[in-house]
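Descriptive analysis of the structure
In case you want the letters, here they are:
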Number of protein chains: 4
Amino acid sequence: MLKNKDVVFEPEFVQALIQIFEEGIVFNKTLGLKVSTVGPLGAVARLEMRPELIGHYGHSRIHGGVISASLDSMGGLAVLAAIGARHMDESIEARLQRFSKLGTIDLRVDYLRPGISERYEMRAEVMRLGSRVATTRMEFLDAHGKLLSTGSAAYIVS
Amino acid sequence: MLKNKDVVFEPEFVQALIQIFEEGIVFNKTLGLKVSTVGPLGAVARLEMRPELIGHYGHSRIHGGVISASLDSMGGLAVLAAIGARHMDESIEARLQRFSKLGTIDLRVDYLRPGISERYEMRAEVMRLGSRVATTRMEFLDAHGKLLSTGSAAYIVS
Amino acid sequence: MLKNKDVVFEPEFVQALIQIFEEGIVFNKTLGLKVSTVGPLGAVARLEMRPELIGHYGHSRIHGGVISASLDSMGGLAVLAAIGARHMDESIEARLQRFSKLGTIDLRVDYLRPGISERYEMRAEVMRLGSRVATTRMEFLDAHGKLLSTGSAAYIVS
Amino acid sequence: MLKNKDVVFEPEFVQALIQIFEEGIVFNKTLGLKVSTVGPLGAVARLEMRPELIGHYGHSRIHGGVISASLDSMGGLAVLAAIGARHMDESIEARLQRFSKLGTIDLRVDYLRPGISERYEMRAEVMRLGSRVATTRMEFLDAHGKLLSTGSAAYIVS
């Protein structure tokens, strides 16, 4: 889909991106999101289930809001990586600065199946990166790779 | 919109509904959602800002995922109340049991403005309550009543 | 919501805007959309039911696609009017030129009730007009004012 | 995703399904939608561009409403086929009757790129078919296979 598939990020850029995502975006830390991979074509992260993330005390289902929040964050990370790949001529610092300019315009989540799992995985890919708006698709899976939810979101990127 | 506007809930029902929402739905407690009012026509809740809910360490903005999660929960609460109003012939216990049968089908959130506030308010109303599907509209406001985000969601209700 | 509520459009601007909407946007003509009012705060239009717009031959219900298409168009018209109100210092021609720069980023429609009516009404209001993105809410009603569908959309406004 | 991938439809069922989609759903005929393939796993259709479908007289771009309407219809067709595959024990007639019970709950469309093409293709797949709700993903492409829009929708199926 995107033309920057041949870009290779510097390890320092990837580390800093992960650091911002996992620690700087404080609510991501509250959720417990951990980046597995992030590259010019998309991002994958994971989440260990914990009691605080439960939707209803009667089940051990993950709360739908954890899913929507994770997918919003994941789409943003994928957009950041795609922007980074487009601006490899800029310093690492300058590319990372773009993180604070990113804003979600809107988000849709489709809840396909209830989620009961010890661990979840989230994936995001950029469908289009324009000069002002980026659109992403995201997926939320259980530990067995079963698709629980899908999402799409638009971000303002400049 | 709905015909049950003249229904008056028993205080016990309201208290139990709030208890389930604020404590039983564990992730609502993690977020810190507090119900202000809930009735046959809709629900209002509030949220005190805390560092764990921040979107980016560089600002004190609330994370968009807190907004999407709150609005999903609020829509569900409004649907529960509307279902309760429709089934006033049932015992309180039977009406509360319906909470665990509710499921979000999908959610959309529009982020209008970044949120920087000490306190937030969320409102939800049921646009239609069918026998199988309910649709809601939600709003997320700052402490001055400024509209920050709007949402809509569909729920399976049987 | 918007600050331009005291703006009064020139009759020529309104006529030209309606002309573009009803005739220039060719598919709006195919649908049969007619503008009732358009001002800085929103727009209202109407649609006479015709056999070509039916969803299923067995009923006379309007096709959901007529609703989604109308609401997309209506949101765009409301955004155009809001942009016009913000740029009253520009010539009418310059403001109208902005029509061709408008693009829908995404659209959501909630179908609340099936529509069987001789005539429909559509309403749109701008929730936020930014420098790059505008967000709208729309409603689709039957001839008795019953709400059949709601929508929201984001537009790129450059 | 779905378990009915080994189902083979009777030619009469496929023909009748296409007949209802292209002719019975009158607005599909107004648009000019033609089914290319339909099976238990999804559906593909096409649309020849015509002046009535233009978005703005200044360009030859297809109107976004044609896209949203087509994707809504396509998701519905894919759901119908998936329901048909689940009920192969029923007569063809009984399975076709289910068409009139299908209703769209909601629809989201992401417009990635403006569409200027002589012919368009639409694809839909069912992400989940439940006993009451089905969720689909759809794509809208130009004649060169370039992805112009994506969509997702929920349908009530019983």
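Per-chain numbering applies: the sequence of each chain, read as written, is numbered from 1 onward. A letter from A marks each chain and a number from 1 marks each ligand, given out in the order of writing. Reporting in this predicted model follows two pLDDT cut-offs: at least 70 for local features of residues, and 80 or more for side-chain atom pairs to be given and counted; totals over whole chains, interfaces and linings ignore these cut-offs and use all residues.

Relative to chain B, chain A is turned by 180° and slid 0.0 Å along the rotation axis, the superposed coordinates differing by an RMSD of 0.0 Å. Put plainly, the chains are arranged around a two-fold axis. Taking the C-alpha atom as reference, chain A places Arg108 of chain A closest to the rotation axis, 2.2 Å from it. The copies are overlaid by a least-squares fit using only the C-alpha atoms of residues whose pLDDT is at least 70 in both copies.

Two residues qualify as a contact pair if the distance between their C-beta atoms, derived from the backbone, is within 7 Å. Residue-level contacts link 32 residues of chain A with 32 residues of chain B. Helix and strand assignments come from DSSP, with helices taken as H or I runs of at least 4 residues and strands as E runs of at least 2, each series counted from the N terminus. Here the element with the most residues in the side of chain A that touches chain B is strand E3 (residues 103–111) of chain A; it accounts for 9 residues. Grouping the constituent residues of the side of chain A that touches chain B by class yields 14 nonpolar, 13 polar and 5 charged. Examined bridge by bridge, E3 of chain A and strand E3 (residues 103–111) of chain B share 5 bridges and lie antiparallel to one another. Bridge assignment links Asp106 of chain A to a residue of E3 of chain B, and that residue is Asp110 of chain B. Only Asp, Glu, Lys and Arg are considered charged in this grouping, and only Ala, Val, Leu, Ile, Met, Phe, Trp, Tyr, Cys and Pro are considered nonpolar; every other residue, Gly among them, is considered polar. Two strands are counted as paired when DSSP detects at least two bridges linking them.

Bringing the interface of chain C and chain A into the picture now. On the chain A side, the residues contacting the 7 residues of chain C number 7 residues. For the side of chain C that touches chain A, the secondary-structure elements that each account for two or more residues are strand E3 (103–111) and strand E6 (147–156) of chain C. Its residues assigned to classes, the side of chain C that touches chain A shows 4 nonpolar, no polar and 3 charged.

Lines are fitted to the C-alpha atoms to define the axes, a helix being fitted only along its stretch in contact, and any angle between axes, read from their N-to-C directions, falls within 0 to 180 degrees. Between helix H3 (residues 64–86) of chain A and helix H3 (residues 64–86) of chain B, the least distance of the axes is 8 Å, while the angle of their chain directions is 150°. Between H3 of chain A and H3 of chain B, the angle is such that the two are roughly antiparallel. Judged by the twist between their axes, the crossing of H3 of chain A over H3 of chain B is right-handed. Of H3 of chain B, the residues touching H3 of chain A (which contributes Gly64, Gly65, Val66, Ser68, Ala69, Asp72 and Ser73 of chain A) are Gly64, Gly65, Val66, Ser68, Ala69, Asp72 and Ser73 of chain B. For the contact of H3 of chain A with H3 of chain B, the residue count by class is 4 nonpolar, 8 polar and 2 charged. By the definition adopted for this analysis, an angle is roughly parallel if under 35 degrees, roughly antiparallel if over 145, roughly perpendicular if from 65 to 115, and oblique otherwise. If you view the pair so one helix is near and one far, a crossing is left-handed when the near helix is turned anticlockwise from the far one by less than a right angle, and right-handed when it is turned clockwise.

Moving on, we get to the sheet that holds strand E6 (residues 147–156) of chain A. With antiparallel pairing, the 12 strands of this open sheet are ordered in space as E1(A)-E2(A)-E4(A)-E5(A)-E6(A)-E3(A)-E3(B)-E6(B)-E5(B)-E4(B)-E2(B)-E1(B). The open sheet has two edge strands with one neighbour each: strand E1 (34–39) of chain A together with strand E1 (34–39) of chain B. Along the sheet, successive strands turn relative to each other by an average axial angle of 15°, direction set aside. Both strand E5 (residues 133–142) of chain B and strand E6 (residues 147–156) of chain B contribute to a ladder of 9 bridges, which runs antiparallel. Bridge pairing in E6 of chain B places Phe140 of chain B opposite Ser149 of chain B. Its contacts with the sheet place H3 of chain A against E1, strand E2 (42–48), E3, strand E4 (119–129), strand E5 (133–142) and E6 of chain A together with E3 of chain B, and it is angled at close to 45° to E4 of chain A. Along the sheet, H3 of chain B makes contact with E3 of chain A together with E1, strand E2 (42–48), E3, strand E4 (119–129), E5 and E6 of chain B, crossing E4 of chain B at roughly 45°.

Residues and elements named next belong to chain B. Most of E5 is tucked away, with 7 of its 10 residues classed as buried. Of the strand pairs in this sheet, E4 and E5 are connected by 9 bridges, and their pairing is antiparallel. Within the sheet, the bridge partner assigned to Leu129 lies in E5 and is Ala134. What sits between E5 and E6 in their antiparallel hairpin is a turn of 4 residues, with Gly145 showing a positive phi close to 80°. In this scheme every C-beta is placed from the backbone, and a residue whose C-beta has 20 or more other C-beta atoms within 10 Å is buried, one with 12 or fewer is exposed, and one in between is partly exposed.

What follows is about the environment of Leu71 of chain A. With respect to the secondary-structure elements, Leu71 of chain A resides in helix H3. The spatial distance from the C-alpha of Leu71 of chain A to the C-alpha of Thr150 of chain A is 8.4 Å, given a sequence separation of 79 residues.

Read across the open sheet, the 12 strands follow the order E1(C)-E2(C)-E4(C)-E5(C)-E6(C)-E3(C)-E3(D)-E6(D)-E5(D)-E4(D)-E2(D)-E1(D); overall the sheet is antiparallel. Every other strand in the sheet has two partners, leaving strand E1 (34–39) of chain C together with strand E1 (34–39) of chain D as the edge strands with one partner each. Strand-to-strand twist in this sheet, taken as the mean axis angle between neighbours without regard to direction, amounts to 15°. Where E1 of chain C meets strand E2 (residues 42–48) of chain C, 5 bridges bridge the pair, whose relative direction is antiparallel. Paired with Val38 of chain C across the two strands is Ala43 of chain C, which belongs to E2 of chain C. Strands E1, E2, E3, strand E4 (119–129), strand E5 (133–142) and E6 of chain C together with strand E3 (103–111) of chain D of the sheet are contacted by helix H3 (residues 64–86) of chain C, whose axis makes an angle of about 45° with E4 of chain C.

With that out of the way, let us pick up the nonpolar core. For the purposes of this analysis, a nonpolar core is taken to be any set of buried Ala, Val, Leu, Ile, Met, Phe, Trp, Tyr and Cys residues that are connected through C-beta atoms within 7 Å. Counting 196 residues, the largest nonpolar core has Val79 of chain A, Val79 of chain B, Val79 of chain C together with Val79 of chain D as its most contacted members. In this structure Val79 of chain A touches Leu102, Val126, Leu129, Ala134, Thr136, Tyr155 and Val157 of chain A, once residues within four positions along its chain are discounted.

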